[in-house]
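Examining the three-dimensional arrangement
Read off the chains here:
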2 protein chains.
Amino acid sequence: MKPEPIDLHAKLEMIHEHWAPKVVAEMNDYQFKLVKLQGEFVWHQHENTDEVFYVLHGLLEVRFRDRSVFVREGELFVVPKGVEHITRAEDECHVLIIEPRGVINTGAQKGDLTAPNDVWI
Amino acid sequence: MKPEPIDLHAKLEMIHEHWAPKVVAEMNDYQFKLVKLQGEFVWHQHENTDEVFYVLHGLLEVRFRDRSVFVREGELFVVPKGVEHITRAEDECHVLIIEPRGVINTGAQKGDLTAPNDVWI
């Protein structure tokens, strides 16, 4: 199959729910996922991997137990492996997530916000 | 060390040469590199890895032996592992490259455009 460019903003228009990452590309065993989020997620960590957030629209708060980081449009942020965090956005925020295939969005804290993996758009 | 958000546009202002990728972040053993490019690169391939280009500004042409792909601002493109390609930009283009640490920009085709690795900004 011949790869084509992926227009992230066009893909975002296909997403109509919050907290449900959709895969748009793969590089080796890593995935690029788009997500729309608003409100507060759940505390969790990823024991085996860093996780990257790139904000395409809005303002993303990444809260740690000891501080908060605000990630603005055009900024990239690396959540270190094993560090507990929660994401939060007052207004709707659009984020590109980059992480290895198979990472569960809520880590081990499975619940209502745990999204199915490998849903492509 | 506590990670901070990385403003890609602010980082781009620190780059004053073409074809010399600068590392701005790491995720596990992968690196995020910013590059400004204009003109034509050299034919090469990366035998062991896919390579991702995300265009932040301008229009990037990725030429393969059998076709050309044009990647626009806001678009992401995955160059498959082992496939010969050459990048080209009529006007200056700003690109975020995502690939494993240690990948040489020119692959095995070392020459004048081979850039040093692990130069952080």
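An account of the accompanying structure is given in this report. (Residues numbered from 1 in each chain as written. Chains lettered and ligands numbered in written order. Predicted model: local features only at pLDDT ≥ 70, side-chain atom pairs only at ≥ 80, totals over all residues. Heavy atoms only, no water.)

1. Considerations on the relation of the copies chain A and chain B
With an axial shift of 0.0 Å and an RMSD of 0.0 Å, the rotation relating chain A to chain B amounts to 180°. The symmetry that links the two subunits is that of a two-fold axis. When the interface residues of chain A are mapped onto chain B, 100% of them are again interface residues, pointing to one common binding face. (Least-squares fit on C-alpha atoms with pLDDT ≥ 70 in both. Contact = heavy atoms within 4.5 Å.)

2. Focus: the pairing of strand β7 (residues 75-79) of chain B
One face of the sheet, then the other: side chains in a regular strand alternate in exactly this way. All names here are of chain B. β7 sits mainly inside the fold: five of its five residues count as buried. Neither face of β7 is open: one carries E75, F77 and V79, the other L76 and V78, and all of them are buried. Bridging between strand β4 (residues 51-57) and β7 involves four bridges; their strand directions are antiparallel. Among the inter-strand pairings, V52 is bridged to a residue of β7, identified as V78. (Buried < 20%, exposed > 50% of the residue type's maximum accessible area, 1.4 Å probe, protein only. Helix = DSSP H or I, 4+ residues; strand = E, 2+ residues; numbered from the N terminus. Pairing = 2+ DSSP bridges.)

3. Quick word on the packing of aromatic side chains
As enumerated under the stated definition, the model contains six aromatic pairs over all chains in all. Measuring from ring centre to ring centre gives 4.2 Å for A:Y30 and B:Y30, while their planes differ by 45°; the resulting arrangement is tilted. One end of the pair, A:Y30, is in strand β3 (residues 30-40); the other, B:Y30, is in strand β3 (residues 30-40), on a second chain. The buried category is assigned to B:Y30, whose relative accessible area is 5%. Judged by centre distance (6.1 Å) and plane angle (50°), the rings of A:F64 and A:F77 are tilted. Of this pair, A:F64 sits in the loop between β5 (59-63) and β6 (68-72) while A:F77 is found in strand β7 (residues 75-79), placing the two residues 13 residues apart along the sequence. (Phe/Tyr/Trp six-rings, centres within 6.5 Å; stacked < 30°, edge-to-face > 60°.)

4. Observations regarding the side chain of A:H44
All names here are of chain A. Within the secondary structure, H44 is located in the loop between β3 and β4 (51-57). A distance of 2.9 Å separates a polar side-chain atom of H44 from the backbone oxygen of V42. What H44 contacts, discounting residues up to four positions off in sequence, is V83, E84, H85, N105, T106, G107 and Q109. (Polar contact = N/O pair within 3.5 Å; in protein donor to acceptor, adjacent residues only side chain to side chain.)

5. Considering the pattern of salt bridges
Tallied over the entire structure, the rule returns 22 salt bridges over all chains. Note that A:K2 is salt-bridged to B:D66, the shortest N-O span being 2.9 Å. Note that A:K2 is positioned in the segment before β1 (6-7) and B:D66 in the loop between β5 (60-64) and β6 (68-71), a pairing that runs across two chains. Using a relative accessible area of 49% as the deciding quantity, one classes A:K2 as partly exposed. Between A:R63 and A:E40 there is a salt bridge, with its nearest N and O atoms 3.6 Å apart. Note that A:R63 is positioned in strand β5 and A:E40 in strand β3, a separation of 23 residues in sequence. In this structure A:E40 comes out as partly exposed when scored by relative accessible area, which is 41%. Salt bridges sharing partners connect three or more residues here, namely A:E40, A:E61, A:R63, A:R88 and A:E90. (Salt bridge = Lys/Arg side-chain N within 4 Å of Asp/Glu carboxyl O.)

6. Section: the interface of chain A and chain B
As a measure of interface size, the accessible area lost when the parts come together is often cited. Taken together, the contacts link 34 residues of chain A with 34 residues of chain B. Both sides of the chain A and chain B interface together cover about 2800 Å² of buried area, and 61% of this is carbon and sulfur. Our count for the chain A to chain B interface comes out at four salt bridges. The interface formed by chain A and chain B holds 16 residue pairs in polar contact (both at pLDDT 80 or more) in total. Where the side of chain A that touches chain B is concerned, the elements lending two or more residues are β1, β2 (22-27), β3, β4, β6, β7 and β8 (86-100) of chain A. Class assignment for the residues of the side of chain A that touches chain B results in 21 nonpolar, three polar and ten charged. Summarising the sheet, β1(A) and β7(B) pair through two bridges and their orientation is antiparallel. Pairing of A:I6 across the sheet is with B:L76, part of β7(B). (Buried area = accessible area lost by both parts, 1.4 Å probe. Nonpolar A, V, L, I, M, F, W, Y, C, P; charged D, E, K, R; others polar.)

7. Brief notes about unusual backbone geometry
With the exception of glycine, most residues fall at negative phi, and the peptide bonds are largely trans. One non-glycine residue, B:W19, adopts positive backbone phi at about 65°. In this fold, B:W19 is placed in the loop between α1 (8-12) and β2 (22-27).

8. Points about the environment of B:V55
Residues and elements named next belong to chain B. Examined against the element boundaries, V55 turns out to sit in strand β4. We classify V55 as buried; its relative accessible area is 0%. Filtering out sequence-adjacent residues up to four positions away, V55 remains in contact with L60, V71, R72, E73, G74, E75, C93, H94 and V95.

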